[in-house]
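Structure assessment
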Amino acid sequence: MDFGKILARGLVQLGIGGPSFRSSGGQIEVRNPANNGYAGLAADTLSAVTNLAGTTLLLTNQGGAGSKRLTVGTTPLASPADGDLFLEINSSNFLPYGWIWSWNGNYWLSPEERRPLSFDNISALTRGYFDCDQGLDVLFSSLLLNGFVATTNNGTANWSAQLERVNNGISVTAIGSAASSSAQSADAGFAVSAPTNVHVDVSAVIARQFRVTLYKNNSPGNFFGGATAIFRYARP
C-alpha cells in the first residue's frame, strides 16, 4: 500500500494542499516545494506515529488551532473530533472504499457524491432512478432543480421535484423536494435547492434504489433541465 499517496489525499482533505511523499529507509519523507528537497515528517509541521500492532498510521497537523488527525487502519478513532479523517483498510491491507472518511460530529462521511438526472422537454409526471449501492448508509444533503420553463411559473402553476426512496422496489418514502414556484419567468433559467439533511439507513433493504419524481402542478408549461441529488455515504 502506497502510504505517500494516502497521506497526500488526506492532506488535501485537511486543507494542506499539494505535498509529495516518498519512503526512504522505512521512513516517510515530505517534499518541500520551495527547493524540491525531502525531509522527515518530524522536521516539518507534521508528525507521524506508526502503530504496527494495529496497522494504524496517525497523522497530526501540529499547526495549533484546528488541528485534525488522519488515521489509517481497520477501525476509526474511538473519540473523533469534527474534521478528523479515517482511511479504512481491511485485514489484508486493501482499501474497501475509494475515499477517506471525514467525521462531522455524527457520522464518518465520504466526499460529496452527486447523481444528476436529465428531464428535458417534460410535459407530464416523470421519474428518474439512481442507485447508491455501496452497502452503506446515505446522508442526503440537498436536492437541486435547475433548468427553464416554457410558461411563467408561480405558487400554483409550477414543477416540483421530489427525492424518494424505493424500499425493496415496492413502497416509496419521500426524502425532500424542490419546486420552480418562485415566479419563474418563461424561458429564463433558474436553479432552486432544497436542503434535506436526511440520514437513510439502508441495512434493512434489498435494493438500495432512489428516484427523483418531477411533478406537474396545474399548467406550468414544459420543463427543460434536470435534477441533482447531493449526498455522502455514511459509515454504518
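Just so it is clear, the model here is predicted, and its values are computed rather than measured.

The subject of this paragraph is the overall build of the protein chain. Helix and strand counts for the protein chain stand at one helix and 17 strands. Per-residue burial for the protein chain yields a buried fraction of 38% across its 236 residues. Relative to all contacts within the protein chain whose residues are 6 or more apart in sequence, the contacts with residues 24 or more apart total 61%. For the protein chain, the computed accessible surface area is about 11,800 Å², with 48% contributed by carbon and sulfur atoms.

Tallying each qualifying case throughout the model produces 13 aromatic pairs. Relative to Trp-99, the ring of Tyr-97 has its centre 5.4 Å away and its plane inclined at 15 degrees; by these criteria the two rings are stacked. Measuring from ring centre to ring centre gives 5.3 Å for Trp-103 and Trp-108, while their planes differ by 55 degrees; the resulting arrangement is tilted. Each member of the pair, Trp-103 together with Trp-108, is buried. One aromatic cluster in this structure is built from Tyr-97, Trp-99, Trp-101, Phe-130, Phe-140, Phe-210, Phe-231 and Tyr-233.

This part is about the environment of Tyr-107. One can find Tyr-107 in the loop between β8 (101-103) and β9 (108-109). Taking relative accessible area as the criterion, Tyr-107 reaches 26% and is therefore assigned partly exposed. Here the alpha-carbon distance between Tyr-107 and Pro-236, two residues 129 residues apart in the chain, equals 8.2 Å. If sequence neighbours within four positions are ignored, Tyr-107 has contacts with Ser-102, Leu-139, His-199 and Ala-234.

With respect to burial, strand β17 (residues 223-234) is a largely interior element, nine of its twelve residues being buried. With eight bridges joining them, strand β10 (residues 113-122) and β17 adopt antiparallel strand pairing. Each residue of the ladder has a partner; that of Ile-122, found in β17, is Phe-223.

Okay, the environment of Thr-156 next. One can find Thr-156 in the loop between β12 (137-149) and β13 (158-167). Its relative accessible area of 53% is what places Thr-156 among the exposed residues. Sequence separation between Thr-156 and Ser-219 is 63 residues; the distance between their C-alpha atoms is 8.6 Å. Those residues in contact with Thr-156, other than ones at most four positions away along the chain, are Asn-217 and Asn-218.

Let us now look at the nonpolar core. Ranked by size, the top nonpolar core spans 34 residues in total, and within it Phe-130, Phe-140, Leu-145, Val-212 and Phe-223 carry the most contacts. Of all the secondary-structure elements, those providing two or more residues to this core are β8, β10, β12, β13, β14 (171-179), β15 (190-200), β16 (208-217) and β17. Ranked by size, the runner-up nonpolar core spans six residues in total, among them Leu-70, Val-72, Leu-85 and Ile-89.

What follows covers the confidence of the model for the protein chain. For residues with low pLDDT, the predicted coordinates do not support detailed interpretation. For the protein chain, the average pLDDT comes to 74, and 64% of its residues sit at 70 or higher. In this model residues 41-56 is a low-confidence stretch, pLDDT under 50, and it forms 34 contacts with partners more than four residues away in sequence or in other chains. A low-confidence stretch, residues 60-65 (pLDDT under 50), is modelled with 14 contacts involving residues beyond four sequence positions or located in other chains.

Of note in the backbone geometry, Asn-121 takes a positive phi value of approximately 55 degrees without being a glycine. Along the polypeptide, Asn-121 turns up in strand β10. Assessed through its relative accessible area of 43%, Asn-121 is described here as partly exposed. Notably, Asn-218 is not glycine yet its phi reads approximately 60 degrees, a positive angle. Along the chain, Asn-218 turns up in the loop between β16 and β17.

Definitions and cut-offs
Residues numbered from 1 in each chain as written. Predicted model: local features only at pLDDT ≥ 70, side-chain atom pairs only at ≥ 80, totals over all residues. Heavy atoms only, no water. Helix = DSSP H or I, 4+ residues; strand = E, 2+ residues; numbered from the N terminus. Buried < 20%, exposed > 50% of the residue type's maximum accessible area, 1.4 Å probe, protein only. Contact = heavy atoms within 4.5 Å. Areas by Shrake-Rupley, 256 points an atom, 1.4 Å probe, with all protein chains shown as cover. Phe/Tyr/Trp six-rings, centres within 6.5 Å; stacked < 30°, edge-to-face > 60°. Pairing = 2+ DSSP bridges. Core = buried A, V, L, I, M, F, W, Y, C linked by side-chain atoms within 4.5 Å. pLDDT = per-residue confidence, 0-100.

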